[in-house]
Amino acid sequence: MAHCNKKRTKYNNGGILVRKDFKGIGSIEGHMSGNPDYTDSAINISKNVGNARVTKSIHRNNQGGKGQSTRVDVNLPKSTRASVSKSSGNNKSTSVGYKNMGAFKATNPVSKTKGVHYKGASASQTKDIFGNKTTNINYNTNKKGFNISVGVSKGNNGFSGSMSISKPL
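Rules and cut-offs
- Residues numbered from 1 in each chain as written.
- Predicted model: local features only at pLDDT ≥ 70, side-chain atom pairs only at ≥ 80, totals over all residues.
- Heavy atoms only, no water.
- Helix = DSSP H or I, 4+ residues; strand = E, 2+ residues; numbered from the N terminus.
- Buried < 20%, exposed > 50% of the residue type's maximum accessible area, 1.4 Å probe, protein only.
- Contact = heavy atoms within 4.5 Å.
- Areas by Shrake-Rupley, 256 points an atom, 1.4 Å probe, with all protein chains shown as cover.
- Polar contact = N/O pair within 3.5 Å; in protein donor to acceptor, adjacent residues only side chain to side chain.
- Salt bridge = Lys/Arg side-chain N within 4 Å of Asp/Glu carboxyl O.
- Patch = residues over 30% accessible without salt bridge, like charges linked within 9 Å, V, L, I, M, F, W, Y side chains within 5 Å.
- Pairing = 2+ DSSP bridges.

This part is about the overall build of the chain. A count of helical and extended segments in the chain gives 0 helices and 14 strands. Considered along the principal axes of its C-alpha atoms, the chain spans approximately 55 × 50 × 40 Å. Residues counted as buried form 15% of the 169 residues belonging to the chain. In the chain, 4% of the contacts between residues at least 6 apart in sequence involve partners at least 24 apart. In the form shown here, the chain has an accessible surface area of approximately 12,400 Å², with 57% of it arising from carbon and sulfur atoms.

Here we take up the side chain of S57. Structurally, the position occupied by S57 is in strand β5 (residues 52-61). Look at S57 and you get buried, because its relative accessible area is 15%. At a separation of 2.6 Å, a polar atom in the side chain of S57 contacts the side chain of N44. Apart from the residues within four sequence positions on either side, S57 is in contact with I43, N44, G67, Q68 and S69.

This part takes up the pattern of salt bridges. Under the defined criterion, the tally for this structure stands at 3 salt bridges. Note that R19 is salt-bridged to E29, the shortest N-O span being 3.1 Å. Here E29 lies in strand β3 (residues 26-35) and R19 lies in strand β2 (residues 15-22), a separation of 10 residues in the sequence. Exposure remark for E29: the relative accessible area of 18% places this residue in the buried category. With a shortest N-O distance of 3.0 Å, R71 and D73 are connected by a salt bridge. Several salt bridges share partner residues, and in doing so they unite R19, D21 and E29 into one network.

On the surface, a cluster of nonpolar side chains totalling about 510 Å² of accessible area is made up of Y139, F146, V150, M163 and I165. Counting residues per element, the ones that place at least two in the nonpolar patch are β13 (146-155) and β14 (158-166). Along the chain, the position of I165 falls in strand β14. We classify I165 as exposed; its relative accessible area is 54%.

The subject of this paragraph is the pairing of strand β9 (residues 101-108). Of the strand pairs in this sheet, strand β8 (residues 91-98) and β9 are connected by 7 bridges, and their pairing is antiparallel. Looking at β9, one finds that T94 is bridged to K105. Relative to strand β10 (residues 111-118), β9 is paired through 8 bridges, and the arrangement is antiparallel. Each residue of the ladder has a partner; that of A103, found in β10, is V116. Between β9 and the antiparallel strand that follows it, β10, lie 2 residues.

What follows is the structure, given as structure tokens:
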């Protein structure tokens, strides 16, 4: 029988997260959150297989939403990593990264996205089934304990921008 390495329970705004790690084998995580109008729950089970980690997730909400996903993350030599995931609704994604940079691609029934990231910056382009294209450029950083995020987007409706500054409690 596997020994529990650590157990963590975290409470947040209207929710609870419980996680158990099993030394060298994997982990199990349960999440539940909600308010009087909406509840959401999920279970994630992960297993380590060599340099890979396989995760199966199941989620459900009180408004009839439910789904599942499978994800494989692989750590390759020289700080390279790759992941592949597939979820209900025929959503798929792949990514590859090396240290602080990488590329990603995602598809679902209504859109396709591809992009790149380097350190805190990322750029992506999404095309939906109607032919609409959206280009996003974002930058995220942490300065003196503050999280700073800046983004610009260009789509069929023109340009838009966003900025946020937050400090963890």
